[in-house]
Amino acid sequence: MSPAVVVLLLFAGLSESAGRILPLVARRPSVSRSNAILLLLTGAVVEGAVFALWPLTARTLAELTLSAPVTDGAASAWTAGLAAPLLLAAVLAFPLLGPLLHLLLFVGVGASLVAPLAATTELDWWAAAGCVAVAGVGLGVAVEAVRRLVVRISATGAQEPRT
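Okay, so let's go over this structure. (Residues numbered from 1 in each chain as written. Predicted model: local features only at pLDDT ≥ 70, side-chain atom pairs only at ≥ 80, totals over all residues. Heavy atoms only, no water.)

1. Concerning the overall build of the protein chain
A count of helical and extended segments in the protein chain gives five helices and zero strands. Within the protein chain, buried positions represent 33% of all 163 residues. (Helix = DSSP H or I, 4+ residues; strand = E, 2+ residues; numbered from the N terminus. Buried < 20%, exposed > 50% of the residue type's maximum accessible area, 1.4 Å probe, protein only.)

2. Notes on the side chain of Glu47
On the secondary structure map, Glu47 appears in helix α2 (residues 33-66). Residue Glu47 is classed as buried on the basis of its relative accessible area, which comes to 8%. Excluding residues within four positions of it along the chain, Glu47 makes contact with Gly13, Glu16, Ser17, Val143 and Arg147. (Contact = heavy atoms within 4.5 Å.)

3. Describing the pattern of salt bridges
Summed over the entire model, instances satisfying the criterion amount to two salt bridges. With a shortest N-O distance of 3.7 Å, Glu63 and Arg59 are connected by a salt bridge. With Glu63 and Arg59 both in helix α2 and four residues apart, this pair spans about one turn of that helix. Salt-bridge contacts for Glu144 lead to Arg148; the nearest nitrogen and oxygen are separated by 3.4 Å. Of this pair, Glu144 and Arg148 both sit in helix α5 (residues 125-158), four residues apart, which is roughly one turn of the helix. For Glu144, a relative accessible area of 24% translates into the label partly exposed. Taking the relative accessible area as the measure of exposure, Arg148 reaches 58% and is therefore exposed. (Salt bridge = Lys/Arg side-chain N within 4 Å of Asp/Glu carboxyl O.)

4. Section: the packing of helix α1 (residues 3-27) against α2
Direction vectors running N to C along α1 and α2 enclose 135°, while the axes themselves pass 7 Å from each other. Of the possible angle classes, the one that applies to α1 and α2 is oblique. Crossing of α1 over α2 shows right-handed handedness. Residue-level contacts link Leu9, Leu10, Ala12, Gly13, Leu14, Glu16, Ser17, Ala18, Ile21 and Val25 of α1 to Ala36, Leu39, Leu40, Gly43, Ala44, Val45, Glu47, Gly48, Phe51 and Ala52 of α2. In the contact of α1 with α2, the residues fall into 14 nonpolar, four polar and two charged. (Axes fitted to C-alpha atoms, helices over the stretch in contact; angles between N-to-C directions. Parallel < 35°, antiparallel > 145°, perpendicular 65-115°, else oblique. Left-handed = near helix turned anticlockwise from the far one by under 90°. Nonpolar A, V, L, I, M, F, W, Y, C, P; charged D, E, K, R; others polar.)

5. So, the packing of aromatic side chains
Taken as a whole, this structure holds one aromatic pair when the rule is applied. Note on Trp125 and Trp126: the rings are 5.1 Å apart at their centroids and 85° apart in plane angle, and the pair reads as edge-to-face. (Phe/Tyr/Trp six-rings, centres within 6.5 Å; stacked < 30°, edge-to-face > 60°.)

6. Topic: a nonpolar patch on the surface
Residues Met1, Val6, Leu10 and Val45 make up a contiguous nonpolar surface patch of roughly 370 Å² in combined accessible area. Here Met1 falls in the exposed class, since its relative accessible area comes to 58%. (Patch = residues over 30% accessible without salt bridge, like charges linked within 9 Å, V, L, I, M, F, W, Y side chains within 5 Å. Areas by Shrake-Rupley, 256 points an atom, 1.4 Å probe, with all protein chains shown as cover.)

7. A short note on the nonpolar core
Inside soluble globular proteins, nonpolar side chains tend to come together where they are buried. Among the nonpolar cores identified, the biggest contains 26 residues, and Leu9, Trp54, Trp78, Leu117 and Val132 are the most heavily contacted of them. Taken together, the elements giving at least two residues each to this core come down to α1, α2, α4 (99-120) and α5. Examining the composition of this core, we find that seven residues originate from one element, α5, more than from any other. Residues within four places of Val132 in sequence aside, it is in contact with Trp54, Ala58, Gly110, Leu113, Val114 and Leu117. (Core = buried A, V, L, I, M, F, W, Y, C linked by side-chain atoms within 4.5 Å.)

8. A look at the side chain of Thr121
Residue placement: Thr121 occurs in the loop between α4 and α5. Looking at Thr121, its side chain comes within polar contact range of the main-chain oxygen of Leu117, at 2.7 Å. (Polar contact = N/O pair within 3.5 Å; in protein donor to acceptor, adjacent residues only side chain to side chain.)

Here it is, written out as structure tokens:
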């Protein structure tokens, strides 16, 4: 993965993280600035890592479907052309600023991941699309579950004991 792609994925992660964390910080004025920045940067790294794992997870699912290893790693690598629309999708992830457009861009990015995966495997386009979709949904559900767990843990830790 080139440094430009890493930067694009981190910016996409930062934007996605900002779209999720800033509304929470706005509702809780007691959150310190340093905690908000720490949450934002942590979220950016996590979201960027999830974005980076999407093609790798899709390739792994394709290998499981084929029951034979895929030798070409090109299907599991981001390029700047693939990551740039992902950054746009993450920018649009801010709440109430176009969730349908955000979803459509993610579908478009996922569709652009299908062709390289289908080309490097023996899967047809639809099977490769299924692998990409399952990988994307699976990663999204996993991250959302972790988010909810962190919110639940932080909410119980933030409550003051009643006397």
